[in-house]
Amino acid sequence: QVQLVESGGGLVQAGGSLRLSCAASGSILQIDTMGWYRQAPGKQRELVATSDSGGSTNYAESVKGRFTISRDNTKNAVYLKMNSLKPEDTAVYYCNVLLTPLFPTRDTYNYWGQGTQVTVSS
């Protein structure tokens, strides 16, 4: 019932910018932490940025000063503005939301988006 839909990925040149969007839909009771992870070919999935319900943010060292996470709680959406992109940012980016659904259970769980490809050329 709960789905996370991502958009905004694409191919850009080094130094360019992209904005990723993720919106949660379905029978949602509560959303807590929202964030972004990424996985490059041959690499493990890593945290990029998170934002908790109180507005506190956390960033991977590699993206600090370049990426900005934000959220719109009225829309159940989270965004990732990526500036000064580097080739090493190339990865599939996944939205992650710590969410409590209304149905079928009220178990808090990490939900994942489908992933969106970000490719940065040099």
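Below or above, wherever it landed, is the structure these notes cover. (Residues numbered from 1 in each chain as written. Predicted model: local features only at pLDDT ≥ 70, side-chain atom pairs only at ≥ 80, totals over all residues. Heavy atoms only, no water.)

### Re the packing of aromatic side chains
One pass over the full model with this rule turns up three aromatic pairs. Here the aromatic rings of Tyr94 and Trp112 are separated by 6.5 Å at their centres, their planes lie at 85 degrees, and the arrangement is edge-to-face. Remark: Trp112 occurs in strand S10 (residues 109–112) and Tyr94 occurs in strand S9 (residues 91–101); sequence separation between them is 18 residues. For Tyr94, a relative accessible area of 15% puts it in the buried group. On the basis of relative accessible area, Trp112 is assigned to the partly exposed category, the value being 37%. (Phe/Tyr/Trp six-rings, centres within 6.5 Å; stacked < 30°, edge-to-face > 60°. Helix = DSSP H or I, 4+ residues; strand = E, 2+ residues; numbered from the N terminus. Buried < 20%, exposed > 50% of the residue type's maximum accessible area, 1.4 Å probe, protein only.)

### Details of the pattern of salt bridges
Side-chain pairs of opposite charge can arise where the charged atoms are in close proximity. Summed over all chains, the structure comprises four salt bridges. The salt bridge involving Arg38 is made with Asp89; its shortest N-O contact spans 3.0 Å. You can see Arg38 sitting in strand S4 (residues 28–39) and its partner Asp89 sitting in the loop between strand S8 (77–82) and S9, a full 51 residues away along the chain. Classification of Arg38 as buried rests on a relative accessible area of 5%. For Glu61, the salt bridge goes to Lys64, with nearest N and O atoms at 2.6 Å. Taking the relative accessible area as the measure of exposure, Lys64 reaches 44% and is therefore partly exposed. Three or more residues joined by partner-sharing salt bridges are found here, namely Arg38, Glu46, Arg66 and Asp89. (Salt bridge = Lys/Arg side-chain N within 4 Å of Asp/Glu carboxyl O.)

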